[in-house]
Amino acid sequence: MPSMNMIQALNSALDVKLADDPRTLVFGEDVGYFGGVFRVTEGLQAKHGTKRCFDTPLSEGGIIATAIGMGVYGLRPVAEIQFADYILPAFDQIVSEAARLRYRSGGEFWAPITIRSPYGGGIFGGQTHSQSPEALFAHVVGIKTVIPSTPYDAKGLLIAAIEEDDPVIFFEPKRLYNGPFDGRHDQALRTWAGLPEAEVPEGHYKIPLGKAAVVREGAEATVLAYGTMVHVAKAGIADSGVDAELIDLRSIVPLDIETVTASVQKTGRCVILHEASRFGGYGAELSALVQERCFWMLKSPIERVCGWDTPYPHAFEWDYFPGPARLARALLKVMENS
Amino acid sequence: MKKPPLSLYIPQPPARPGDKARFDHLSFDLGAAARMPDWRTPETELRDLPYGLVRVLGVEGSAWDPHLAPEVMRKGLRAMVQTRLFEDRFFRAHRQGKVSFFMKSTGEEAIGVAQSMALEPSDMCFPTYRVQGWLLARGYPLEKMINQLYSNERDPLHGRQLPVLYSARDYGFYSLSGNLGSRFGHAVGWAMASAYSGDTRIALGYVGEGTTAEGAFHEALTFASVYRAPVILAVTNNQWAISTFAGVAGAERTTFAAKALAYGIPGLRVDGNDFLAIWSATCWAASRARANLGPTLIEFVTYRVAGHSTSDDPTRYRPKDEGEHWPLGDPVERLKDHLIAAGHWTAERQEQMEAELFDELREAQKAAEMVGSFGKSKPPVSEMFNDVFKDPDWRVTEQRRELGI
């Protein structure tokens, strides 16, 4: 089985869908001839033609509006928003149109579109190339939000997203494109080569949306994470010495509430980890759900380890970024209570 | 040297309540539209058209006369009258507490009706809330329409949408929304998909003149122009966006049709109260779209006779009698007079038709009220939870249980 980094795995997913379904179209800013600023669509135009994979005007609202119209017609457009930081001009289209269409039309119309967008920090991208806006979308009823953490998952989840009849936001953790990143920014870069989660089948396979992965089994605490933070969590757990169970949510909507609940009921402790700022973040929802369902099993207050409540700062990247040391401290803190 | 102080310009409408109604700021000359260029003409040779006005009714030997058969015009007249009677009835129904909200298209009926008839049944319309005539012209069942207005048990949209925000896939009528301009780009995307698929169907998108200020309007025009989408993009310029006159949308500087020029697509400015001009302009633009010549922007110059909605009182911001002074007259009267003058219609037949339509409406309303007007009947509450996603997730299951349904 070939080893792929996340870019290659995503490219392979698009390639598979372009080949097996003429309704699939791939477009966005710089995605055509050039193959995207992160190379995710590289070679797709040459292989599948300019009508299947093409450049768009620099107009996020226009890109998503066009995608919705195509989806309504019966196609399966996959639109790229170059950075998640630039998705906001399309917010009206996503919230007021894509997410609401099926409901408001009594099921007559729907938008089976996939919106891919690199998100998250760790690349010294400053405020406009580093943000994690997933909570904005998780709050919107009618759309699904998916965030992979490995090449294998990225391909299987993207194919599943494209085959969904509901609109899906697919956030790609750009810090993981070329290799896993555990938050230890002063260490040598790692690549995906040789790692088991980079073994990616060439053909079609799907990972169902709404199914979390138990990355590490443990008995003393549960760590909930997604995207880049899954790798940070592995390092933080190792540093802490706590026997923690690590759950990679993979999709935050739909949320695999059963896996989350079962784990916290077993461990009695819960730490939530995300890059986005804390207040009103997705961790707040997770925290509320866990306490509603597991309150009597909890041995300790739930902890959240998140980005600070500031805009994403350029020079202070590693002061902002919730790294393994902060997670380890939170794990040790929840372990103080029994 | 002392520089002169700058001053800020704020547009004001020509007349406010108590003033004499005035429309002398608008041009109604045929101008360049006195000719009807062949629809294959390159855009570069059409650039004077947005400053003229396409007119047929009342213009001797108009180049744009579509020479419609009398029965087609009579059908159009019937749908327009039906639209007006329908809207008058349900505007009153709001006063009687039978609907929560309502919107009229009085004075603009010709646009939705003529375009609905002129395009193919399989073409797709992305409407605004002021083209109900589209549905009536295509024979949408009255009772079903009223059930939507009443949000009752038989409401095809299951009680989820405001009255008038219909969705009617089988009638080529896309789901409406109260957000402005957000579906204009869908018309373009749909048209691009049709072209991609080698289909023959084209799309029609609507916005009002106020919405031309939205980014979504320009985004849609950009995509339509760039990808030469087979779409007709219509601006119904009815002079008023709630209380905001068209000047605040830029009408003091240029025409809305002229917005097409910067996108390199044809722009037509059309008498929106002229059934035949609308028909002709629509067919002209449709011919271009069907021949892969791309989009056309059409401005329909019309007047919003009624308030914005049942929540609006236009006498607060414009002369009470402004509509009576509208230079392009009433679209229903104009088509009727034309048919009568040509010997294809009579005042008696008009009266008889109105009586028939009135009875039909009354019967349909009665039938819908047997189901229930707003608040007297509603779909099962479980419908609140359906269609959020194709398949509900655990949140729906749990919340339904919490509500006990």
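Going by what an unreviewed UniProt entry lists, chain B is known as 2-oxoisovalerate dehydrogenase subunit alpha and is assigned to Sphingobium jiangsuense. What the UniProt record of chain B gives under Catalytic activity (unreviewed entry) is the line "N(6)-[(R)-lipoyl]-L-lysyl-[protein] + 3-methyl-2-oxobutanoate + H(+) = N(6)-[(R)-S(8)-2-methylpropanoyldihydrolipoyl]-L-lysyl-[protein] + CO2". Quoted verbatim from the Cofactor (unreviewed entry) field of UniProt, the annotation for chain B is "thiamine diphosphate".

1. Structural notes on the UniProt feature "domain: Dehydrogenase E1 component" (unreviewed entry) in chain B
Those residues carrying the UniProt feature "domain: Dehydrogenase E1 component" (unreviewed entry) are residues 78–369 of chain B in this numbering. In residues 78–369 of chain B, the share of helix is 40% and the share of strand is 11%. The end C-alpha atoms are 25 Å apart.

2. Details of the interface of chain B and chain A
Interfaces are often sized by the accessible area lost when the parts come together. Facing 45 residues of chain B, the contacting portion of chain A comprises 47 residues. Summed over both partners, the interface of chain B with chain A buries about 3700 Å², with 59% contributed by carbon and sulfur atoms. Contact with chain A buries area across many residues of chain B, yet Tyr196(B), Phe223(B) and Trp394(B) alone supply 19% of it, more than any other trio. In this assembly, chain B and chain A are joined by three salt bridges. Ionic pairing is found between Lys390(B) and Asp165(A), a salt bridge with its closest N-O pair at 2.6 Å. Linking chain B with chain A are 22 residue pairs in polar contact (both at pLDDT 80 or more).

3. Digging into the pairing of strand 6 (residues 267–271) of chain B
All names here are of chain B. Counting buried residues in strand 6 gives five out of five residues, a clear majority hidden from the surface. Going residue by residue along strand 6, you find Gly267, Arg269 and Asp271 tucked away on one face and Leu268 and Val270 tucked away on the opposite face as well. Note that strand 6 and strand 7 (residues 296–301) share five bridges and pair parallel. Looking at the pairing, glycine 267 lines up with leucine 297 of strand 7.

4. Some details on the UniProt feature "domain: 2-oxoisovalerate dehydrogenase E1 alpha subunit N-terminal" (unreviewed entry) in chain B
In this numbering, the UniProt entry assigns the feature "domain: 2-oxoisovalerate dehydrogenase E1 alpha subunit N-terminal" (unreviewed entry) to residues 4–38 of chain B. The span residues 4–38 of chain B is 0% helix and 0% strand, and its two end C-alpha atoms sit 51 Å from each other.

5. Details of the sheet that holds strand 4 (residues 114–119) of chain A
The strands that make up a sheet pair up through hydrogen bonds in the backbone, lying either parallel or antiparallel. All names here are of chain A. Spatially, 2-1-3-4-6-5-10 is the arrangement adopted by the seven strands of the open sheet, whose pairing is mixed. Strands at the two margins of the open sheet, each flanked by one partner only, are strand 2 (53–55) and strand 10 (251–253). Across the sheet, the axes of successive neighbouring strands diverge by a mean angle of 20 degrees, strand direction being ignored. Sheet topology note: the strand 1 (residues 24–28)/strand 3 (residues 76–80) ladder contains five bridges and is parallel. For phenylalanine 27, the partnering residue across the bridge sits in strand 3 and is alanine 79. The strands touched by helix 3 (residues 60–73) are strand 1, strand 2, strand 3 and strand 4; relative to strand 3, the strand with the most contacts, the crossing angle is about 170 degrees. In the packing of helix 7 (residues 151–163) onto the sheet, contacts are made with strand 1, strand 3, strand 4, strand 5 (144–146) and strand 6 (168–173), and the angle to strand 6 comes to roughly 160 degrees.

Basis of the calculations
- Residues numbered from 1 in each chain as written.
- Chains lettered and ligands numbered in written order.
- Predicted model: local features only at pLDDT ≥ 70, side-chain atom pairs only at ≥ 80, totals over all residues.
- Heavy atoms only, no water.
- UniProt positions renumbered as here; feature names shortened; annotations may be inferred.
- Helix = DSSP H or I, 4+ residues; strand = E, 2+ residues; numbered from the N terminus.
- Contact = heavy atoms within 4.5 Å.
- Buried area = accessible area lost by both parts, 1.4 Å probe.
- Salt bridge = Lys/Arg side-chain N within 4 Å of Asp/Glu carboxyl O.
- Polar contact = N/O pair within 3.5 Å; in protein donor to acceptor, adjacent residues only side chain to side chain.
- Buried < 20%, exposed > 50% of the residue type's maximum accessible area, 1.4 Å probe, protein only.
- Pairing = 2+ DSSP bridges.
- Axes fitted to C-alpha atoms, helices over the stretch in contact; angles between N-to-C directions.

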